[in-house]
Structures are given as C-alpha cells and as structure tokens.
Amino acid sequence: MILMSAFTSLRRVSILSRHFVGVQQTSNRLRALSRMAVNEDGKPTAGIIIIGDEILKGQTLDTNSHFICTELYKLGVRVERVSVIHDDLSVIAEEVASFSKRYTHVITSGGIGPTHDDVTFEGVAKAFGEEIVPHPELVKLCKDYFGANSSLDSPQLKMALVPKSSTLTFGTNLKTGQKMLYPIISVKNVYIFPGIPKLLEGAFLSLKEKLFQGSPVHFHLREIYVGTHEIAIAPYLNQFNAKYNGKVHLGSYPKLSHSYYTVKVTLECEDEETLNEAHSELLSLLPQEHIVNFELDPIGKAPEAVYSLASLTDQTSPGTTQLESSTSSPATCIASDSATGSEDLLSARVAVAVQGIQAS
C-alpha cells in the first residue's frame, strides 16, 4: 500500500514536471518570437511583401517598395527584407507568417482588389489561422460606393471580406483634409496596403506616423564623392571601417556613367556627433586629389553659389561692380556683367550655371 502510494505520488510529480517543462518551453518560444520582431539592439524593423504576378513577369515596375523604404528610413525604421511573391494564397500565408515573427512591422502591397487573383486577405487570414468574414463597416462602405443591391459573394463586396481580427485605420487626404474612403486593414503587426502606387502612397503618407512612429531613432547621413575607382580607395575605406564598424555604417556605390564623380561614399549613424567626427576622419584619410566637391542639388543652390562667387570677385578685382540687388537672377547678373565688360566675372558665372545644369 505504501509502495503504491509512493508510486502514485511520483507519477503525479512526473506529470506536473512535464507540464511545467512544456509551459516553460512555450514561454521561451514566445519570448524568442518577440525578440525576433526587432533588431538585436531592440530597435524597430520592417519587412515588405510585394504581391503580384505582374511584378515577377516584368510587366509592371515595382515602385512601392522603394517608396516604403524611403519613408520608413525617415521614421527610423530599418527595413530588413523586401520579398516579391506570386498571387498565391499558400505562398502569401507562408511569407506573412514568417515575416510577422521576424520583424516589428510587416507591410504588404497588392492583391486586395475584386478579381479572382486578389487573395491577399485570404492569405493573411490563413497565416494566422483565421477565417475571412464580412466586416460590417466595410460592407456598408462598399454598398454605399458600388450600390446597395450588392450581395456578399459579388466582386463589389469582395473587398469587405477580411480576416476576423482585422483592425481598420482610416487616413486623411492630405490635400483636402477629408477622411479617406477606404481604410488600411491590419492584422496583428501586418499592414495591408493597395498595390496601385497612387493609392498606396496617399494612404502611407497619411498614416505613417500613426502606424509606424514610436521610435526615437533618426538616421543621419553624410556623403563623400570621389573621382576615382573603388579599388583605389578600398584600403582607406577598410582602415576606416576597422575603427568605426558597428558605430557608423559605411557604404560605397560606384557610378560609372556620372560626369563628375565615380564613387559615392555614404556614412550613416544615429548619433550626429559621432557621424561628424567619422566624416571628418574619412575626409582626412582619403587622398585629397580624389575628393570631388559635388553638389547634389546644383540648380537649387546655383544662385547662392553665383552670388558668393561674384561677391568674392568684386572684393578682389578693381573696377568690377557690386550686384545691385541680392535678389537678382543669374541671367540678370550675366547680362549686367556683359554690359559692363566684366568678362572674367561673366565667364565664372556662366561656368557655374552650366555646371549646375549639366549635373542635373
């Protein structure tokens, strides 16, 4: 009897132990998935899924991923991956489920229209083990827009069938200030955007701070333009990277067809003071004869450059005339120089203006 009681107690302990281990393993998995949603440093990340056979066939140029990457970068959200996939329910479900575990934000584009190949809502629902259901607010919107007689199985109301746990977020038209007609649907950390660039861009610009802001991160950028090939500056970049790796992100991008520079070197950092220090150090490392003083926006800054050059010339060249007004246009300045015979000043101004036009 005593042995039987002891055996029963041991069995209960074993069951409880296995149960505790199972709970602990589940808890560990959940914590691991939570950690996977952000960078190792805890900063927000994003994955973008572009959905559409037409993209993969080369029939349509994808501009949406470039736009989203640009805007998220401004918000301090680092895009980790962009995926382009077919209009296939199972493929969409698999990719969404994978991205949702790995990144803070998942943004999909495309596949939410009324036709047979628009299966993004179904794919997202499958990713989370949900059904698609008619959302009352979306049903009303679609009926108001397409006609009250539309049935639930009609193409008009297909866009009202969304994953069961969907959240609706309405944007505001930035031009008119009016509420947008159709909301952005989100499920957990997945945000489902339209594939038409104009619609995506309007909705994204309206909602980006609301949906994706929340990180104090800001990426600071400096650029250095070099007039020689990468192989010539590689040793200096390697030396710099050995010191600043992990602090400053260094990029090197050849531009073989450019008229003024051959390589654009970029430095990125969240701390502006560190970036300024690194920028100065790299400038001192690189051979000065290879550094190109290139202005990315020559047209916008051409008047300032012209007036600055004219001021210097007027101060050092006897007989030249001061500009009558700081608001004079470059064309007026050139005409004035021609009339007064200031040929050297005229040539300098023309050279600056021509350089600006060519660089654009």
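Residues numbered from 1 in each chain as written. Predicted model: local features only at pLDDT ≥ 70, side-chain atom pairs only at ≥ 80, totals over all residues. Heavy atoms only, no water.

Looking at an unreviewed UniProt entry, one finds the protein chain named MoaB/Mog domain-containing protein and attributed to Strongylocentrotus purpuratus. Its UniProt record, at the heading Sequence similarities (unreviewed entry), says of the protein chain: "In the N-terminal section; belongs to the MoaB/Mog family." (UniProt positions renumbered as here; feature names shortened; annotations may be inferred.)

K.L.:
Could you give an account of the overall build of the protein chain, naming the residues involved and the relevant values?
P.N.:
The number of helices and strands found in the protein chain is 13 helices and twelve strands. The buried share of the protein chain, reckoned over its 360 residues, is 36%. If you take every contact in the protein chain between residues at least 6 apart in sequence, the share linking residues at least 24 apart comes to 67%. Accessible area for the protein chain stands at about 21,100 Å²; split by element, carbon and sulfur atoms hold 55% of it. (Helix = DSSP H or I, 4+ residues; strand = E, 2+ residues; numbered from the N terminus. Buried < 20%, exposed > 50% of the residue type's maximum accessible area, 1.4 Å probe, protein only. Contact = heavy atoms within 4.5 Å. Areas by Shrake-Rupley, 256 points an atom, 1.4 Å probe, with all protein chains shown as cover.)

K.L.:
With reference to specific residues and values, describe the pairing of strand β8 (residues 190-193).
P.N.:
Residues of β8 alternate between two faces, with Val-190 and Ile-192 on one and Tyr-191 and Phe-193 on the opposite face, all of them buried. Direction of pairing for strand β7 (residues 184-187) relative to β8: antiparallel, over a ladder of three bridges. Bridged to Ser-186 within β8 is Tyr-191. Between the end of β7 and the start of β8, which pair antiparallel, lie two residues, with Lys-188 showing a positive phi angle near 55°. (Pairing = 2+ DSSP bridges.)

K.L.:
I'd like to hear about the pattern of salt bridges, residue by residue, with values.
P.N.:
As enumerated under the stated definition, the model contains seven salt bridges in all. Residue Glu-71 is joined to Lys-208 by a salt bridge in which the shortest nitrogen-to-oxygen separation is 2.6 Å. Of the two residues, Glu-71 sits in helix α3 (residues 64-75) while Lys-208 sits in helix α8 (residues 197-212), which places them 137 residues apart along the sequence. Assessed through its relative accessible area of 6%, Glu-71 is described here as buried. Judged by its relative accessible area of 12%, Lys-208 falls in the buried class. One continuous salt-bridge network, built from bridges that share partners, spans Glu-71, Lys-74 and Lys-208. (Salt bridge = Lys/Arg side-chain N within 4 Å of Asp/Glu carboxyl O.)

K.L.:
Talk me through the nonpolar core; I want residue IDs and the actual numbers.
P.N.:
Core analysis: the biggest nonpolar cluster contains 28 residues, and Ile-49, Ile-92, Val-96, Phe-121, Leu-138, Ile-185 and Ile-192 have the highest contact counts within it. Taken together, the elements giving at least two residues each to this core come down to β1 (45-51), α4 (89-102), α5 (120-127), α6 (136-146), β7 and β8. With 20 residues, the next largest nonpolar core counts Phe-67, Val-77, Ile-107 and Met-180 among its residues. (Core = buried A, V, L, I, M, F, W, Y, C linked by side-chain atoms within 4.5 Å.)

K.L.:
Please provide a residue-by-residue account of the sheet that holds strand β9 (residues 220-226), values included.
P.N.:
Taken in spatial order, the four strands line up as β10-β11-β9-β12 in an open sheet, and their pairing is antiparallel. Each edge of the open sheet is held by one strand with a lone partner, namely β10 (249-254) and β12 (291-292). Of the pairings in the sheet, the one linking β9 to β12 comprises two bridges and is antiparallel in character. The residue bridging Val-226 from the neighbouring strand is Ile-291, located in β12. Packed on one face of the sheet, helix α10 (residues 272-285) meets β9, β10, β11 (263-269) and β12 and runs near 10° to β9. (Axes fitted to C-alpha atoms, helices over the stretch in contact; angles between N-to-C directions.)

K.L.:
Tell me about unusual backbone geometry, and name the residues and values.
P.N.:
Here the phi dihedral of Lys-188 falls at roughly 55°; this positive angle occurs in a residue that is not glycine. Here Lys-188 is to be found in the loop between β7 and β8.

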